[in-house]
Amino acid sequence: MKKIIAFILVFCFLFGMRVSAKGSVTVSSECDISDINVPLDNTPVNAAIGQTLDIKAKSVVLMEPNTGKVLYEANSDEQLAPASITKIMSLLLVMEAIDRGDISLETVVTASEHACSMGGSQIWLEPGETMTVNDLLKAAVIASANDACVALGETIAGSEEGFVAMMNERAEQLGMTKTHFVNCTGLDAEGHLTSAYDVAVMSSELIKHDLIKDYSTVWMDSLRDGKSELVNTNKLVRFYEGTTGLKTGTTSKAKYCVAATAERNGMELVAVVMAGDTTNDRFNGAKKLLDYGFANYNFSSIDAGLSEGFTLNIAKGTRKKITVRAENALNILLPKTASGNIERKTVFKEDITAPVKKGEVLGTVTVTMGGEQLGEIPIVADEDVGKLTLSVTLKWILKGLFKL
């Protein structure tokens, strides 16, 4: 009998049905158990820059999120149905609402009839059921629950329609020109489209919020005092070293999608795979993209090349010279095979005249390699220098006289 009950529970999990047993609720997920527990293809990716990766998907992109630099792409601008990776924008708006203080993780949300009617992946919210923002985030991020996502959107904007308007406005602000949202869940709808590149852009913005990783890195959790078990739909969390998130998506129209983020040796990358042929193809495709990025790129720190205590002449000041310093070093994303001499060109302001405040920009170091400009480093005053006035001069004279 126990085996029969276990079989029924697993069957219902796989096919999105709800079962109550001693008050428990089975979560409907977009990924089935058999897929989630299958390890990734561990074949190392040794492709060099410029080589083509064998990824069975319609559109892919690999981006470094701090610079926005695309490290690899194939058909990354085609508009496609995004499925639940739509929720990346929904979650970004939630994170920003928390930052503004509009809501908190302890805010209690009451599920509406509309939120409970979503279908697809869900935690089977009941109309009138209450849950904290924290628990709804668990459901939306880990289990990709549509009902939880809509409940969060309604809390922020009053309605899903209002929330979707906010999503489209934020997409426009981020320069996501291939994106138009119709809902906040990713359920297939006419005109609900984005691109792999745009997904990488909104993913890069979302992971600026460290809070999201408290959810996107969790493999298993639960709700309702343990009665609802959650398993992350992103198998990379379990099987890929350094994974920090982020979101899967699956519908009949969108096929198999994933936006995956991972960090190694201080470098984080965003890999997007859209319209994969199979669920394993999307995860193995993301792994190939991430492996490619980590194998071929890293960050290099380049300083301004100024000696300690470097000074400049200053006119009409209480001092004849002013000490300057580099405001920062450049942290440059470079191919590991990059070659060529690092060159620095330093230009200071002409006729620096007092008064000058500490931190004021007095020059710039332009850093190049092989003729390509890598960036600029501001050179700033390391001290205040006041203007030499008649009253200051008289004070000096009087001070000198009293010393005689």
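Quick look at the structure, then. Since this is a predicted model, take the numbers as computed values, not measurements.

### Considering the overall build of the protein chain
Looking only at helices and strands, the protein chain features 11 helices and 16 strands. Taking all 404 residues of the protein chain together, the buried fraction comes to 49%. Put simply, 66% of the contacts in the protein chain that link residues at least 6 apart link residues at least 24 apart. Carbon and sulfur atoms form 51% of the exposed surface of the protein chain, whose accessible area is close to 19300 Å².

### A closer look at the environment of Met95
Topologically, Met95 is positioned in helix H3 (residues 87-100). For the pair formed by Met95 and Leu206, sequence separation is 111 residues and the distance between their alpha carbons is 7.9 Å. Residues contacting Met95, with those up to four places away along its chain left out, are Leu137, Leu206, His209, Leu211 and Ile212.

### With respect to the side chain of Thr244
Structurally, the position occupied by Thr244 is in strand E7 (residues 243-251). On the basis of relative accessible area, Thr244 is assigned to the buried category, the value being 9%. A distance of 2.8 Å separates a polar atom in the side chain of Thr244 from a polar atom in the side chain of Glu268. With sequence-adjacent residues up to four places away left out, Thr244 is seen in contact with Lys213, Ser216, Thr217, Thr261, Ala262, Glu263 and Glu268.

### With respect to the pattern of salt bridges
If charged atoms from side chains of opposite charge come close, those side chains can pair. Evaluated as defined, the whole model comprises 14 salt bridges. Here Lys208 and Glu205 are joined by a salt bridge, their closest N and O atoms 3.1 Å apart. A relative accessible area of 58% places Lys208 in the exposed class. Among the ionic pairs, Lys287 bridges to Asp291, the shortest N-O distance being 2.6 Å. Here Lys287 pairs with Asp291, and both are found in helix H10 (residues 279-296), just four residues apart, close to one helical turn. Judged on exposure class, the residue Lys287 and its partner Asp291 are both buried.

### A short note on the nonpolar core
Among the nonpolar cores identified, the biggest contains 64 residues, and Ile123, Leu137 and Val272 are the most heavily contacted of them. Every element with two or more residues in this core is listed here: strand E1 (57-64), H3, helix H4 (133-142), helix H5 (146-157), helix H6 (160-173), helix H7 (196-206), strand E8 (255-264) and strand E9 (267-276). The element that contributes the greatest number of residues to this core is H3, accounting for nine residues. If we ignore the near neighbours within four places in the chain, the residues touching Val272 are Ser59, Val60, Val61, Ala196, Val199, Ala200, Val258, Ala259 and Leu289. With 26 residues, the next largest nonpolar core counts Leu40, Leu62, Leu71 and Ala262 among its residues.

What counts, and where the lines are drawn
- Residues numbered from 1 in each chain as written.
- Predicted model: local features only at pLDDT ≥ 70, side-chain atom pairs only at ≥ 80, totals over all residues.
- Heavy atoms only, no water.
- Helix = DSSP H or I, 4+ residues; strand = E, 2+ residues; numbered from the N terminus.
- Buried < 20%, exposed > 50% of the residue type's maximum accessible area, 1.4 Å probe, protein only.
- Contact = heavy atoms within 4.5 Å.
- Areas by Shrake-Rupley, 256 points an atom, 1.4 Å probe, with all protein chains shown as cover.
- Polar contact = N/O pair within 3.5 Å; in protein donor to acceptor, adjacent residues only side chain to side chain.
- Salt bridge = Lys/Arg side-chain N within 4 Å of Asp/Glu carboxyl O.
- Core = buried A, V, L, I, M, F, W, Y, C linked by side-chain atoms within 4.5 Å.

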